[in-house]
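Coordinate inspection notes
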Amino acid sequence: MIGAGKFIAGFFVGFALVALASIIITIIRHVRGAASWKSNCAKQSGYTVSDMDEFERQTTDMECRVIRLLDTAKALAVGQSDGILTRDYIYLADAQHTILKISDLSAACLVKQTAAVGDMPNRKRIEYLTVMLLSKSKSRAIAECSEESGTELIEYLKQKVPGLYTADGEVIPAEAFDKLSAE
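Residues numbered from 1 in each chain as written. Predicted model: local features only at pLDDT ≥ 70, side-chain atom pairs only at ≥ 80, totals over all residues. Heavy atoms only, no water.

Some remarks on unusual backbone geometry
Not every positive phi belongs to a glycine, and H97 is a case in point at roughly 55°. Within the fold, H97 resides in the loop between strand 3 (89–91) and strand 4 (99–101). You can call H97 partly exposed: its relative accessible area is 34%. Positive phi, close to 55°, is recorded for D168, a residue that is not glycine. Among the secondary structure elements, D168 is positioned in the loop between helix 4 (147–160) and strand 8 (171–173). (Helix = DSSP H or I, 4+ residues; strand = E, 2+ residues; numbered from the N terminus. Buried < 20%, exposed > 50% of the residue type's maximum accessible area, 1.4 Å probe, protein only.)

What follows is the structure, given as structure tokens:
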């Protein structure tokens, strides 16, 4: 018969082994996840994994900035995260996780989007404002914004990229931006 002390010690040793195995598995998944994320971002953005490594390195620099295009309440309501602006890259936290080189941008515009919400026959059309970025390789990034924050971001990018198309700061319809992408 096994004593109570040995039983308790055995239980905790078993528990410690399970915990250790869980930690090792978590570390492995984390490392694989970062590599997979970089690979997916590189593919989506038209860059290499080493470009994504450089973006990651630049996010730790002092000149890296968080881009908040909506106030906190609205961002939470629409599920939008803050973007990241580094010396050479911009990430708007869009659904495709597109990271663009600032030097590769060809257009940055305020774009009016429309969406239909609700069930038939009571569907309503809502309009919202986005900032859309287009690279020379036709990669796109999009994020909902306020007019003030979108205009400020576009003005900053215009200073960094001479010749950047901005539609003269006017709000354009989504169809007009789609034409830019097709050119």
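Overview of the side chain of T86
For T86, the position within the fold is in the loop between strand 2 (83–85) and strand 3. A relative accessible area of 3% means that T86 is categorised as buried. Here Q58 takes part through its side chain, which lies 2.8 Å from a polar atom of the side chain of T86. T86 has contacts with F55, Q58, T59, C64 and I102, leaving out every residue within four places of it along the chain. (Polar contact = N/O pair within 3.5 Å; in protein donor to acceptor, adjacent residues only side chain to side chain. Contact = heavy atoms within 4.5 Å.)

Re the pattern of salt bridges
According to the stated counting rule, one finds 13 salt bridges in the structure shown. Between K38 and D53 there is a salt bridge, with the nearest N and O atoms lying 2.7 Å from each other. Residue K38 is located in helix 1 (residues 4–45), and its partner D53 is located in helix 2 (residues 49–58); the two are separated by 15 residues in the primary sequence. Of the charged contacts in the structure, one is a salt bridge between E54 and R87, with a shortest N-O distance of 3.9 Å. With E54 in helix 2 and R87 in the loop between strand 2 and strand 3, this residue pair connects regions lying 33 residues apart in the sequence. Through salt bridges with shared partners, a single network forms among E54, R57, D61, E63, R87 and D88. (Salt bridge = Lys/Arg side-chain N within 4 Å of Asp/Glu carboxyl O.)

Here we look at the side chain of D94
You can see D94 is positioned in the loop between strand 3 and strand 4. Buried D94, no salt bridge; nearest opposite-charge side chain is R140, N-O distance 8.8 Å. (Lys, Arg positive; Asp, Glu negative; His and termini not counted.)

What to know about the sheet that holds strand 3
Strands sit in the order 1-2-3-4 across an open sheet of four strands; the sheet is antiparallel. A strand with exactly one partner marks an edge of an open sheet, and here the two such strands are strand 1 (65–67) and strand 4. Going from strand to strand, the sheet's axes swing by 25° on average, the running direction of each strand aside. In this structure, strand 1 lies alongside strand 2, joined through three bridges in antiparallel fashion. Across the sheet, the residue bridging to R65 is L85, located in strand 2. In the packing of helix 2 onto the sheet, the strands contacted are strand 2, strand 3 and strand 4, and the crossing angle to strand 3 comes to about 85°. (Pairing = 2+ DSSP bridges. Axes fitted to C-alpha atoms, helices over the stretch in contact; angles between N-to-C directions.)

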